[in-house]
Structure formats: C-alpha cells, structure tokens
Amino acid sequence: MNADKLRKINNSLEEQLSESEKKDMTNIVVYLKSSHLSERDVELVRQDILGIILSAKERGEDMKQAIGGDYKQFCDDIIAASKPKSTAEKMKDICTTVLLSASSLLFIKLIFFTIDGVMAVLSDEAFNWNVPVSYLDIFFMAVAIAASWGIVAVILKDAFDENRRRTNIIFGVTFFSIIVVFCLMYVFHVGSGVLFKLNLVIGYILAALMYVAGKILVKNEK
C-alpha cells in the first residue's frame, strides 16, 4: 500500500481523536517528516501510533498515558529504530522538490510575460512569443528552491517548539538576504544577460510536464 492510501486511512482514524489530540498528532507527523523516514514509513508509523492511542481510549486512557508525555523523545526513539531512506529514495525526493518548485516558478514567469504580451497587443504592438531567460532568472530559481527547502526543513524540525523563535529568525534572515542580493544584482546588472530564449507555448508545456512528472513521483511512492 502506497503513502497516499495509507494517508487516507490514517486521516479517517484520526477523526476519532479529540481536537487537542489531533493537534498533537499533527506535530508528531510533521516532526517525523523532518527525519530520514520515507513518506510511506511516516504513514506506517502514524498508523501504529493511532492504533495505540485508540486502544488506550477504549480503556479510558488519554494520549499522554498511551505514548508518554514527551512526544519529541517518543519520535526520536522511533526515528532511531527505523530504517533510513535509501539513496534512490533521497534522489527521488530531490527530483520531486526540484520539479514541482521549478514548474511553479516557471509558470509564474510565463504568466507575467503573457500579461506583458497582451498589454503590448492592446497597444498595437507585436506579440513576442520568445521568453528571455537570463542568468539572473536561473540564479533566482536555484536560490529560491534551496532556500524554501531549507526553511521547510527547519519548520518541520521545530514542530514541538511552540514559539518557533529559531524558525522565525531563519526565515526572516533568509528572506531578507535573498531580496537584498537579488536587488543588488538587478541594480548592477549582474547576470542580466540573456542565457537563452524560450518559446512561450513550449515554456507552458515544459512547466506542465515538470509538474506532472513531480506529481507522478509522489504518487508512485511505495
């Protein structure tokens, strides 16, 4: 059974928990996702935990009595005893993230370019079908993907930190640094040269193919 099917079953089981227990389970799942466990393994562990909690509830016990009060330590013990992701699984995760992120960023660039083209036509100018892709575009895409990946990793790790001070600091510093560097490069024309031109229609097809490929990788997880 793949991760998607397990997730649907677990979502159904989780409906039997109280609101506070659902919140605690969400933190547990988020923290487990920050580990070396695959999505499928996370859902298998989640199913086991839900089974323990629901059995305890039948005996009149709450979640803390069932798995202990230190949820972070409970998760760390599970992670330490679990098999890490294989190299193939790690590469698959990287490809999935890059494909989905790159497709989203490319779609955004194409949409803005299309809007500019439509405005040009309304002004009796010729529609330009070739989208210029600069070194700056590639740089921004690479940095955006890497930064978002790192920020998500920190957010997952801080699942049990109520104030998430470290997350807020890292997010703020990262966002500010990217904006400053990007603005400086733009002002001083660093990397502003056109690397290549991409046909608008082909660009949309490429973005769609990357998105579909990323979704297929997610769905095919065993």
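Quick summary incoming for the structure in this document. (Residues numbered from 1 in each chain as written. Predicted model: local features only at pLDDT ≥ 70, side-chain atom pairs only at ≥ 80, totals over all residues. Heavy atoms only, no water.)

So, the environment of V29
Right, on to step 1. Locating V29 in the fold gives a position in helix α2 (residues 19-33).
Right, on to step 2. The class of V29 is buried, set by a relative accessible area of 11%.
Right, on to step 3. Here the alpha-carbon distance between V29 and A159, two residues 130 residues apart in the chain, equals 8.9 Å.
Right, on to step 4. With near-sequence residues (within four places) excluded, V29 lies in contact with V42 and R46. (Helix = DSSP H or I, 4+ residues; strand = E, 2+ residues; numbered from the N terminus. Buried < 20%, exposed > 50% of the residue type's maximum accessible area, 1.4 Å probe, protein only. Contact = heavy atoms within 4.5 Å.)

Overview of helix α6 (residues 87-122)
Right, on to step 1. Across its 36 residues, α6 extends 52 Å between first and last C-alpha, which sits within 8% of the 52 Å expected from 1.5 Å per residue.
Right, on to step 2. Residues T96, A102, S103, L106, L110, F113, G117 and A120 constitute the buried set of α6.
Right, on to step 3. Check the buried side of α6 and you find it contacts β1 (130-134), α7 (135-157), β2 (194-199) and α9 (200-219).
Right, on to step 4. Following α6 by one or two positions, D124 adopts a phi angle in the positive range, close to 65 degrees. (Expected span 1.5 Å × (residues − 1).)

Here's the deal with the pattern of salt bridges
Right, on to step 1. In total, this model carries twelve salt bridges according to the counting rule given.
Right, on to step 2. For E39, the salt bridge goes to K33, with nearest N and O atoms at 4.0 Å.
Right, on to step 3. Owing to a relative accessible area of 28%, E39 belongs among the partly exposed residues under this scheme.
Right, on to step 4. Here the residues in one salt-bridge network are D4, R7, E14, K33, E39, E43 and R46, joined through shared partners. (Salt bridge = Lys/Arg side-chain N within 4 Å of Asp/Glu carboxyl O.)

A closer look at the packing of α2 against helix α5 (residues 71-81)
Right, on to step 1. For the pair α2 and α5, interaxial distance at closest approach is 10 Å and the crossing angle is 40 degrees. Here α5 runs oblique to α2, going by the angle between their axes. Between α2 and α5 the crossing geometry is right-handed. On the side of α2, the interface is formed by D24, I28, Y31 and L32, while α5 contributes Y71, K72, C75, D76 and I79. (Axes fitted to C-alpha atoms, helices over the stretch in contact; angles between N-to-C directions. Parallel < 35°, antiparallel > 145°, perpendicular 65-115°, else oblique. Left-handed = near helix turned anticlockwise from the far one by under 90°.)

Side note on the packing of aromatic side chains
Right, on to step 1. Evaluated as defined, the whole model comprises two aromatic pairs.
Right, on to step 2. Look at F107 and Y204: their rings are 6.2 Å apart centre to centre, the planes differ by 40 degrees, and that puts the pair in the tilted class. A residue pair is termed long-range when its members are at least 10 positions apart, and F107 in helix α6 and Y204 in helix α9 qualify at 97 residues.
Right, on to step 3. Exposure remark for F107: the relative accessible area of 27% places this residue in the partly exposed category. (Phe/Tyr/Trp six-rings, centres within 6.5 Å; stacked < 30°, edge-to-face > 60°.)

Here's the deal with the environment of H36
Right, on to step 1. Examined against the element boundaries, H36 turns out to sit in the loop between α2 and α3 (39-58).
Right, on to step 2. C-alpha separation for the pair H36 and D70, spaced 34 residues apart in sequence, amounts to 20 Å.
Right, on to step 3. If we skip the residues at most four places from it in the chain, H36 touches I79, S82, K83, P84 and K85.
Right, on to step 4. In terms of polar contacts, H36 uses its side chain to reach the backbone carbonyl oxygen of I79, at 3.2 Å.
Right, on to step 5. Here the side chain of H36 touches S82 through a polar contact of 3.4 Å, landing on its backbone oxygen. (Polar contact = N/O pair within 3.5 Å; in protein donor to acceptor, adjacent residues only side chain to side chain.)

Observations regarding the packing of α6 against α7
Right, on to step 1. For the pair α6 and α7, interaxial distance at closest approach is 10 Å and the crossing angle is 130 degrees. Relative to α7, the element α6 is oriented oblique. The element α6 and its partner α7 pack so that their crossing is right-handed. For the pair formed by α6 and α7, the contact residues are I94, T97, V98, S101, A102, L105, L106 and K109 on the first element and D137, M141, A144, I145 and W149 on the second.
Right, on to step 2. A per-class count over the contact of α6 with α7 returns nine nonpolar, two polar and two charged. (Nonpolar A, V, L, I, M, F, W, Y, C, P; charged D, E, K, R; others polar.)

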